[in-house]
Amino acid sequence: MARQTQLVLRVASLASFLFILLRLFGVFKAQQQPHQDGLSISPFSSSLVFQNKKDFSTTDEKTREIHIAAAVCGNRATQALVMMKSALIMCSNFIRFTLFVDSETSNVLNETIRLWPDNILKRMSLDMRPVSFPKGNADEWKTLFKPCSSVRLFLPNLLKKEDSILYMDVDTVFLSSPLHIWQHLSKMNTTQMVALGPETQDYTIGWYPQFTNHPYYGKYGVNAGVMLMNLTKMRQFGWEKYVIHVYEQYKNRILWGDQDVINAIFHFHPEKLYVFPCHHNYVPGQCSETSLCQEAEQQGIYIIHGYADAFISDQLPALKAIYTSIQQHSFGDNLQMLFVNMKENLMKTPTSSCRKVMSSFLKLVLMVS
């Protein structure tokens, strides 16, 4: 009986060893070979890549590729997914997403995106990287404002191989093709290296003219939620050096973290900034009391920025209705259906300044559809 027991144990050990060996071999092969549908996963545990391997056949197609970056930490995964969805449903261009994430969000994002339809996955790539800050005071940078948002300050060095990128706060949604904002890169002059939109354009309610005691750009300041960057020019300028210097000088006076640092830099170097119109980064203050963005009323809204939890709280129901409509939209449905649902959801909200300009919210969606 003892011999039989020993034999069984040896056979079981051998079987376990072979099983582990086969698993390891299988993992190795999976890392070396692309997935059969053209998508691959990076073998590096610190960086997760979901990449379409399609080769672009013409230079024209390459120039239309759009590169979007975002920082996603804490409980912000859902908003990030809605932002990404809005970009994908509003255009047919290939979009590269680079997300700087923490452990809490990486699994949620990856598992959700894997379930998106093949026709969507074929025109996007996803590169998830761990959040990274300069050594020495990384914790201070991480908590400067909302979790990880100050990553945008260090993108020129974090993405050294990239020439240009569109950084998006996760509480933003596209109401038109991302190509519209991306094309502003070609409108910058040889000196300009960053493009931003204005903060609320009113002295009586604008944050910067009313409440700040540190330098800021122009009359009203600029909002950093939609930030188009020529990373090459920023590196040549010595961007990170200026970031650290400005922060050390004004850190006891800033409230809006990285955005205040950006405003201070362009206060001293206004020639380096390109300011795009307010309807490319439509902030709640533009409609919360009165309509302050004439371009939005005349041409429509390209991007809505729901900062201060405008998309998920009940303070501005019209903006929440827009966000909820996109969140509930299915990739399989056409944009005409999204337009109808958006209009119905807006009509259910109480009368407000934001609801009064709802035709601006819907104008470009209808054009895309």
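Spanning 13 residues, helix 15 (residues 335-347) covers 18 Å between terminal C-alpha atoms, matching the ideal 18 Å at 1.5 Å per step. Restricting attention to buried positions, one finds in helix 15 the residues Leu-335, Leu-338, Phe-339, Met-342, Asn-345 and Leu-346. Across the axial projection of helix 15, the buried residues extend over an arc of 135°, all falling on one side. The inward-facing, buried residues of helix 15 abut helix 3 (77-89), helix 14 (317-328), helix 16 (353-356) and helix 17 (358-368). N-capping of helix 15 is provided by Asn-334, with a side-chain oxygen placed 3.2 Å from the backbone N of Gln-336.

Here we come to the packing of aromatic side chains. Here the structure, examined in full by the defined rule, presents 11 aromatic pairs. Between Trp-141 and Tyr-247, the aromatic rings sit 4.6 Å apart at their centres with planes inclined by 40°, giving tilted as the arrangement. In this pair, Trp-141 sits in helix 6 (residues 138-142) while Tyr-247 sits in helix 11 (residues 239-250), placing the two residues 106 residues apart along the sequence. Accessibility assignment for this pair places Trp-141 and Tyr-247 in one class, buried. Taken together, a centroid distance of 4.9 Å and an interplanar angle of 35° make the contact between Trp-207 and Phe-211 tilted. Of this pair, Trp-207 and Phe-211 both sit in helix 9 (residues 207-211), four residues apart, which is roughly one turn of the helix.

For the rest of this paragraph, the subject is the pairing of strand 9 (residues 222-230). With nine of nine residues buried, strand 9 is to be regarded as a mostly interior element. Note that strand 6 (residues 164-168) and strand 9 share five bridges and pair antiparallel. Each bridged residue has a counterpart across the sheet, and for Tyr-167 the counterpart in strand 9 is Met-227. Bridge analysis of strand 8 (residues 194-198) against strand 9 gives four bridges, and the strand direction is antiparallel. Across the sheet, residue Gly-197 finds its bridge partner in strand 9, namely Asn-223.

What follows deals with helix 14. The α-helix advances 3.6 residues per turn, and as a result positions three or four apart in sequence lie on the same side. The terminal C-alpha atoms of helix 14, which comprises 12 residues, lie 16 Å apart, in line with the 16 Å expected from a rise of 1.5 Å per residue. Among the residues of helix 14, those classed as buried are Ala-318, Leu-319, Ala-321, Ile-322, Tyr-323, Ser-325 and Ile-326. Residues of helix 14 that are buried in the fold lie against helix 3, strand 7 (172-174), strand 11 (303-305), helix 15, helix 16 and helix 17.

In this section: the side chain of Ser-177. By secondary structure assignment, the location of Ser-177 is in the loop between strand 7 and helix 8 (179-182). Excluding its chain neighbours within four sequence positions, the residues that come into contact with Ser-177 are Met-90, Cys-91 and Asn-93.

Time to look at unusual backbone geometry. Despite not being glycine, Ala-308 shows a phi value in the positive range, around 60°. Relative to the elements of secondary structure, Ala-308 occurs in the loop between strand 11 and helix 14. With relative accessibility at 60%, the residue Ala-308 sits in the exposed group. If you check the backbone angles, Asp-309 has positive phi at about 60° while not being a glycine. Positionally, Asp-309 belongs in the loop between strand 11 and helix 14. Classification of Asp-309 as partly exposed rests on a relative accessible area of 35%.

A separate point is the environment of Tyr-203. When you line up the elements, Tyr-203 lands in the loop between strand 8 and helix 9. Judged by relative accessible area, which is 44%, Tyr-203 ranks as partly exposed. Setting aside residues up to four positions removed in sequence, Tyr-203 forms contacts with Pro-209, Gln-210, Lys-219 and Tyr-220.

A pair can form between side chains of opposite charge whenever their charged atoms are brought close. Evaluated as defined, the whole model comprises nine salt bridges. Put simply, Arg-129 and Asp-127 hold a salt bridge, and the shortest N to O gap is 2.9 Å. The class for Arg-129 is partly exposed, based on a relative accessible area of 27%. Residue Arg-152 pairs with Asp-169 through a salt bridge whose shortest N-O separation is 2.8 Å. Linking Arg-152 in the loop between helix 6 and helix 7 (155-158) with Asp-169 in the loop between strand 6 and strand 7, this pair joins segments that are 17 residues apart in sequence. The buried category is assigned to Arg-152, whose relative accessible area is 3%. Shared partners join several salt bridges into a network, and the residues in it are Glu-65, Arg-96 and Glu-162.

Cut-offs used in this document
- Note that residues are indexed from 1 along each chain, following the sequence as it is written.
- It should be noted that, the model being predicted, local features are given only for residues of pLDDT at least 70 and side-chain atom pairs only at 80 or more, the latter also being counted only at that level, while totals for whole chains, interfaces and linings use all residues.
- Heavy atoms from the whole structure form the basis of all side-chain values; hydrogens and water molecules are not counted.
- Helix numbers and strand numbers start at the N terminus; a helix is a DSSP run of H or I with at least 4 residues, a strand a run of E with at least 2.
- Given the number of residues in a helix, its expected span is that number minus one, multiplied by 1.5 Å.
- The rule is simple: take the accessible area with a 1.4 Å probe, protein chains only, and divide by the maximum for that residue type; under 20% is buried, over 50% is exposed, in between is partly exposed.
- What the arc covers is the set of directions going from the helix axis to the C-beta atoms.
- Note on contacts: a residue pair is in contact if any heavy atoms of the two residues lie within 4.5 Å.
- The term polar contact refers here to a pair of N or O atoms within 3.5 Å; inside protein, the definition further demands a hydrogen-donor-capable atom paired with an acceptor-capable atom, and it admits residues adjacent in sequence only when both atoms are side-chain atoms.
- In this scheme Phe, Tyr and Trp rings, the latter by its six-membered ring, pair at centre separations within 6.5 Å, and the angle between planes marks the pair as stacked below 30 degrees, edge-to-face above 60, and tilted otherwise.
- When DSSP finds two or more bridges between a pair of strands, those strands are recorded as paired.
- By definition, a salt bridge exists where a carboxyl oxygen of Asp or Glu is found within 4 Å of a side-chain nitrogen of Lys or Arg.

By themselves, these are just geometric observations and shouldn't be taken as functional.
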